[in-house]
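Spelled out, the chains give:
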Amino acid sequence: MKKWTQLLAGVALAVGTALVHANTISDAKALVDAALAEVSAKGVEAAIKDFNAGGKWHKGGLYVVVVRFDGQMLAHSANDKIVGKNMLEAKDAGGKAFVKENIAKVQTGGTSEVDLRWVHPETKQIADAVMVSKRIPGQDMYIGSVAFK
């Protein structure tokens, strides 16, 4: 009986932890809006520095990216190793050129939602996700965040 109790307690903890780290598209949109407010308050360069530091810009599976329309990654609050790299030709696990699609949508309408399969920053597993993005006013770049499904 004790083993079953321990097993159930472990399962409950795992499920509870997963729920705490579950993020929605609404959460991603709110993070993008907060990041745009940061850009408005501090300017692009200072905000990018803050985003790259992580902190409040990396919440569970949510993170902030800033990408120029030429594909250059200027900020990534969960993976500083790709900052400075050109991601224009990047493809997701299914072969989708999601950066190009995202840039095209943001250039056309100012906002974007692109479905993709990407590595979850917490689990390190490929997962279904949606990238939500908005153009930084007056700039040829966007701020985005990925919500994992």
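Rules used in this analysis
- Along each chain, the written sequence defines residue order, and numbers are assigned to residues from 1.
- Reporting of local features is limited, given that this is a predicted model, to residues whose pLDDT is at least 70; pairs of side-chain atoms are given and counted only at 80 or more, and all residues count toward the totals for whole chains, interfaces and linings.
- Values reported for side chains reflect all heavy atoms of the structure, with hydrogen atoms and water molecules removed beforehand.
- Being paired, for any two strands, means DSSP has found at least two bridges between them.
- Put simply, DSSP marks the helices as runs of H or I at least four residues long and the strands as runs of E at least two long, and each gets a number from the N terminus on.
- With a 1.4 Å probe rolled over the protein chains alone, any residue whose accessible area is under 20% of its type maximum counts as buried; one over 50% counts as exposed, and the rest are partly exposed.
- Of all possible arcs, the one meant is that of the directions from the helix axis to the C-beta atoms.
- Here, residues are in contact when the closest pair of their heavy atoms is within 4.5 Å.
- Confidence scores here are pLDDT values: one per residue, from the predictor, ranging 0 to 100.
- Salt-bridge detection follows one rule: a side-chain nitrogen of Lys or Arg within 4 Å of a carboxyl oxygen of Asp or Glu.

A.B. asks: What's the story with the pairing of strand β3 (residues 73-76) in this structure? I'm lost.
C.D. replies: Within a regular beta strand, the side chains point alternately toward one face of the sheet and then the other, so they alternate between its two faces. Note: strand β2 (residues 62-68) against β3, three bridges, orientation antiparallel. Paired with V67 across the two strands is M73, which belongs to β3. Linking β2 to β3, which pair antiparallel, is a turn of four residues; within it G71 sits at a positive phi near 100°.

A.B. asks: Please explain helix α3 (residues 44-52) as it appears in this structure.
C.D. replies: The periodicity of an α-helix, 3.6 residues per turn, causes residues three or four places apart in sequence to face the same way. Taken together, the buried positions of α3 are occupied by A47, I48 and F51. Buried positions in α3, seen along its axis, are confined to an arc of 100° and lie on one side of it. Along α3, the residues that are exposed and aim more than 90 degrees away from the buried face are E45 and K49. At its buried positions, α3 is contacted by α2 (25-42), β2, β3 and β6 (141-148). Taken from the residues just after α3, G54 is the one with a positive phi, measuring 80°.

A.B. asks: I keep staring at the confidence of the model for the protein and nothing clicks. Help me out?
C.D. replies: The predicted coordinates of low-pLDDT regions are not to be read in fine detail. Summarising the model, the protein shows a mean pLDDT of 87, and 85% of its residues fall at 70 or more. Mean pLDDT in the protein bottoms out at helix α1 (residues 2-21), which sits at 39, and peaks at β3, which reaches 98. Counting interchain partners and residues more than four positions distant, the pLDDT-below-50 stretch residues 3-21 has three contacts.

A.B. asks: Please clarify how the pattern of salt bridges should be interpreted in this entry.
C.D. replies: Any two side chains of opposite charge can pair if their charged atoms end up close together. Taken as a whole and judged by the stated rule, the model has 11 salt bridges. With its nearest N and O atoms 2.6 Å apart, the salt bridge here joins K134 to D33. Of this pair, K134 sits in strand β5 (residues 126-135) while D33 sits in helix α2, placing them 101 residues apart in sequence. Here D33 falls in the partly exposed class, since its relative accessible area comes to 37%. The shortest N-O distance in the salt bridge between D70 and R68 comes to 2.9 Å. On the basis of relative accessibility, which here comes to 29%, the residue R68 falls in the partly exposed class.

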